[in-house]
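# Examination of the molecular architecture
The primary structure of each chain is shown beneath.
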Amino acid sequence: MSTHAPKGVGHLRGDEPFPAAAKVALANPQLRRNLQHATTTIRGKSGRVIAELPDWQELRSAGSALKAYTMANLPRLLEQLEEKVTAAGGVVHWAADATEANRIVTDLVRRTGEQRVIKVKSMATQEIGLNEALEEAGITPVETDLAELIVQLGHDKPSHILVPAIHRNRSEIREIFLREMPGVDPDLTDNPPDLAGAARRYLRETFLSTRVAVSGANFGVAETGTLAVVESEGNGRMCLTLPDTLITVMGIEKVVPAWADLEVFLQLLPRASTGERMNPYTSMWTGVTPGDGPQNFHLVLLDNGRTAVLADEVGRQALHCIRCSACLNVCPVYERTGGHAYGSVYPGPIGAVLSPQLTGVEDNSSLPYASSLCGACFDACPVKIDIPSILVHLRNQAPHPRSEKAAMAAAAYAMDRPRVYERAQKAARIAKLLGKRGRGLPPPLNGWAASRDLPEPPAETFRDWWRGR
Amino acid sequence: MRIALFATCLADTMFPAAAKATVQLLERLGHEVVFPEAQTCCGQMHINTGYQKEAVPLVRRYVRTFESCDVVVAPSGSCVGSIRHQHATVARQAGEPGLAARAEAVASRTYELSELLLDVLKIEDVGAYYPHRVTYHPTCHSLRVLRVGDRPLRLLRQVRGLDLVELPAAEQCCGFGGTFSVKNADTSTAMLADKMRHVLDTGADVCTAGDVSCLMHIGGGLSRLRTGVRTVHLAEILASTEAPA
Ligand code: SF4
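Nothing here was measured: the structure is a model prediction, and the numbers come from that model.

## A few points about the sheet that holds strand β4 (residues 110-112) of chain B
Residues and elements named next belong to chain B.
- Taken in spatial order, the 4 strands of this open sheet run β2-β1-β3-β4, and their pairing is parallel. Lying at the two open borders of the sheet, with one neighbouring strand each, are β2 (32-34) and β4. Here the strands of the sheet are splayed against their neighbours by 35° on average, with no regard to which way each runs.
- Taken together, the 3 bridges between strand β1 (residues 2-5) and β2 define a ladder with parallel strand orientation.

Here it is as structure tokens:
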């Protein structure tokens, strides 16, 4: 039996429905400026480097086909990955859900006797709330990705997959550093190189004095047992090479069949995500190499609702995601609300289709509606996930408000009976006249009338005109 | 050519001018237009709001109403998008493969207005006259579902007297999105605000598009702000021939 991600652990469920959370974000003009600036910049950069590749569309199709193949063969590929990682000296653990994964990682860290771990930026560990679980066990996790560090120091939540602190500008970051960073220079300016320098000094010490690292993985190659992390800063590389023990938490959908498949994904990912031709750091490791890098390697394979997603013929495409965040950067809704409104660590269009499937749609029922279905995400997605179709599919599974259900049933009834439909057309005209162009309408139509006039009702319908000519 | 008009429920009820203009334009170009009266709605609102089951009879109605027609035109990129990309799926998922096949066949003969003019009737200059400064908003479903590309712009460029001004950030959604505009009214309004700013920046007195739904949204905002900028469906511009006063 496949089950959904459990409640009470991890970060897949928000405290309030999307429209309410969005309202708060929309009322913050600074946030909107930060977001608009950041997403516009990334969009431009990414668009330029994608335009350089004449075979971009073919690459997208190849990525999509590889992912579809992987999902169709997931059990076999995961077993192959386990076998190869084990043969190379790693230890593989299977975690059915967030609770189990947190317990496995916490136990592994405890066994090392260490009280602190350094972390490579990872969506999977954010998803399961690993930092909270570690802290509860008296272990201090230190985020080493600059943006993730800003979020952690600011006691904040990430708001973007790739740029978790996209909602912060440099003066806000300076304030957070001054307030929270141990040993920070009190004269720190908000000049980006100075901010990066402060983070570097702080992190260097941490890298050199911490013996356990926790990471996620962008890819796990079944054929060879190789894990891969791509990043821009090199801080991930530090975590993956310096400590004695490395624990990697990887969603089961991140497996790829063969080494050669990375050729496709390593071209797609950097161009779609950061707008780089190649990401500055691609770290790959296969089990343990004596005398080089971590001498203990653990791979935790995480389900946490993924098998349930896989069972849905339309929805399973969401598992193809390579977390590039291109869909966030082009989304007109995300650009205005930011990531926090989505309540989950997965924001934007992919979050709107992934979170409700991982938790069960009842728990995130407003998310499939957090889209105007404009389709920009589908066009941007490097592995061609048809996000609008999944959104519509999930809306169909979501619980509907009773009044809406009645209205929709009545509309469908009338529209399948031209006579009733014609009467309704006339009634609609009268209602609009009475409603004085929409002001004073009942909910949810008052939401429309708050900012938009309703059209002046026409003197006659088209069909009246047609009959009369 | 004999062309069947699918007026769409919204144009039929609230924006008859767009449907009338479609008729007048096609007749002026020498074609016969028919209006099968059994038509109502394509079902898109139901499908996109999560009421796919309720939409099945509407899909069936559309198929039955238009399957005897050689060519169908609708003045809406969004409705044609639904007909072409959703109807068959809705029928198939309702366990009606026969209806799905028929839906696919009708959909392949259903065109959005600019597609009909350029791809079927092969005409770019429809002989229109419209002495106004106009900006064009390429609605999302025309752009990304139907991929009409620059067809509407090619038609507009041929209109005499028309001063076509490019809309900045044109490809960004106006924030309508059907029931999105009421379910997420605040976000929708924020999107609309940016769209209106771009429209006003062009200095155009008319904003046009191929969908009355998006125009209702943009126009509703422009009217609330008393900007004086009007929204006019593409068909109305193309049907227009009056000489200047
Ligand atoms: S859904 Fe596609 S565009 Fe969005 S993050 Fe995933 S891979 Fe990137």
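Having seen the structure, we can now continue with the description.
## Quick word on the pairing of strand β5 (residues 133-136) of chain B
Residue and element names in this part refer to chain B.
- As defined by bridge partners, β5 adjoins strand β6 (residues 163-165) across 3 bridges and the pair is classed as parallel. Opposite V134, over in β6, you have L164 as the bridge partner.
- Sheet topology places β5 next to strand β7 (residues 206-209); 3 bridges connect them, and they run parallel. Bridge pairing in β7 links Y136 to T208.

## Description of the interface of chain A and chain B
- With 63 residues of chain A at the contact, the number on the chain B side is 65 residues.
- Buried surface at the junction of chain A and chain B, both sides included, amounts to about 5,500 Å², of which 56% is carbon and sulfur.
- If you look at where chain A meets chain B, you find 9 salt bridges.
- Between E27 of chain B and R469 of chain A there is a salt bridge; the shortest N-O distance is 2.7 Å.
- Taken together, chain A and chain B are joined by 39 residue pairs in polar contact (both at pLDDT 80 or more).
- Residue composition of the side of chain A that touches chain B, by class: 31 nonpolar, 11 polar and 21 charged.

## Observations regarding the domain arrangement of chain A
- What the domain assignment lists for chain A is domain 1 (18-306) and domain 2 (402-468).
- Each of domain 1 of chain A and domain 2 of chain A has a C-alpha centre, and these two points are 50 Å apart.

## As for the pairing of strand β7 (residues 245-251) of chain A
Residues and elements named next belong to chain A.
- The element β7 is extensively covered by neighbouring structure, given that 7 of its 7 residues are classed as buried.
- On β7, burial covers both faces: T245, I247, V249 and G251 on one face and L246, T248 and M250 on the other are all buried.
- Where strand β4 (residues 212-215) lies against β7, 4 bridges are found, and the strand directions are parallel. The partner of V214 across the bridge, within β7, is I247.
- As judged from the 7 bridges shared by β7 and strand β10 (residues 296-302), these two strands associate in the parallel manner. Residue pairing in the sheet places T248 in a bridge with L299 of β10.

## Concerning empty space enclosed by the protein
All names here are of chain A.
- Applying the stated criterion across every chain yields a total of 3 cavities of 30 Å³ or more.
- Its volume calculated, the largest cavity comes out at about 90 Å³.
- Classifying every residue of the lining of the largest cavity gives 11 nonpolar, 1 polar and 1 charged.
- Put simply, the second largest cavity is a space of about 80 Å³.
- C331, P332, V333, P349, S371, S372, L373, C374, G375, A376, C377 and P388 are the residues that line the second largest cavity.
- For the lining of the second largest cavity, the elements supplying multiple residues, two or more each, are α15 (332-337) and α17 (376-380).
- Looking at the lining of the second largest cavity residue by residue, the classes come out as 9 nonpolar, 3 polar and no charged.

## What to know about the sheet that holds strand β5 (residues 219-221) of chain A
All names here are of chain A.
- A sheet is described by the order of its strands in space; here 4 strands give the open sequence β8-β5-β6-β9, paired in mixed fashion. At either end of the open sheet lies a strand with only one pairing partner, and these are β8 (255-256) and β9 (281-286).
- Bridge analysis of strand β6 (residues 226-231) against β9 gives 6 bridges, and the strand direction is antiparallel. By the bridge assignment for β9, V230 is matched with T282.
- Together, β5, β6, β8 and β9 form the strand contacts of helix α12 (residues 262-273), whose direction differs from that of β5 by roughly 170°.

## A look at helix α3 (residues 56-72) of chain A
Residue and element names in this part refer to chain A.
- With 17 residues, α3 should cover 24 Å at 1.5 Å per step; its first-to-last C-alpha distance of 24 Å lies within 8% of that length.
- Of the residues making up α3, those classed as buried are W56, L59, R60, G63, S64, L66, K67, T70 and M71. Here the buried residues of α3 occupy an arc of 160° about the axis, which is enough to place them on one side. Pointing more than 90 degrees away from the buried face of α3 are the exposed residues E58 and A72.
- Turning to α3, the residues buried within the fold contact α2 (29-51), α4 (74-87), β8, α12, α13 (306-310) and α17.

## Section: the environment of E404 of chain A
- Along the chain, the position of E404 of chain A falls in helix α19 (residues 402-415).
- Given a relative accessible area of 15%, E404 of chain A falls into the buried group.

## Regarding the UniProt feature "domain: LUD" (unreviewed entry) in chain A
- Annotation from UniProt places "domain: LUD" (unreviewed entry) at residues 78-288 of chain A.
- Each end of residues 78-288 of chain A is marked by a C-alpha atom, and these two atoms are 19 Å apart; helix forms 44% of the span and strand 19%.

Conventions and cut-offs
Residues numbered from 1 in each chain as written. Chains lettered and ligands numbered in written order. Predicted model: local features only at pLDDT ≥ 70, side-chain atom pairs only at ≥ 80, totals over all residues. Heavy atoms only, no water. Pairing = 2+ DSSP bridges. Helix = DSSP H or I, 4+ residues; strand = E, 2+ residues; numbered from the N terminus. Axes fitted to C-alpha atoms, helices over the stretch in contact; angles between N-to-C directions. Contact = heavy atoms within 4.5 Å. Buried area = accessible area lost by both parts, 1.4 Å probe. Salt bridge = Lys/Arg side-chain N within 4 Å of Asp/Glu carboxyl O. Polar contact = N/O pair within 3.5 Å; in protein donor to acceptor, adjacent residues only side chain to side chain. Nonpolar A, V, L, I, M, F, W, Y, C, P; charged D, E, K, R; others polar. Domains from an automatic or database assignment. Buried < 20%, exposed > 50% of the residue type's maximum accessible area, 1.4 Å probe, protein only. 1 Å grid on protein atoms, 1.4 Å probe; cavity = no way out; pocket = protein on both sides within 12 Å on 5 of 7 lines; lining within 4 Å. Points joined across faces, edges and corners; volume = space filled by probe spheres on them. Expected span 1.5 Å × (residues − 1). Arc of directions from axis to C-beta. UniProt positions renumbered as here; feature names shortened; annotations may be inferred.

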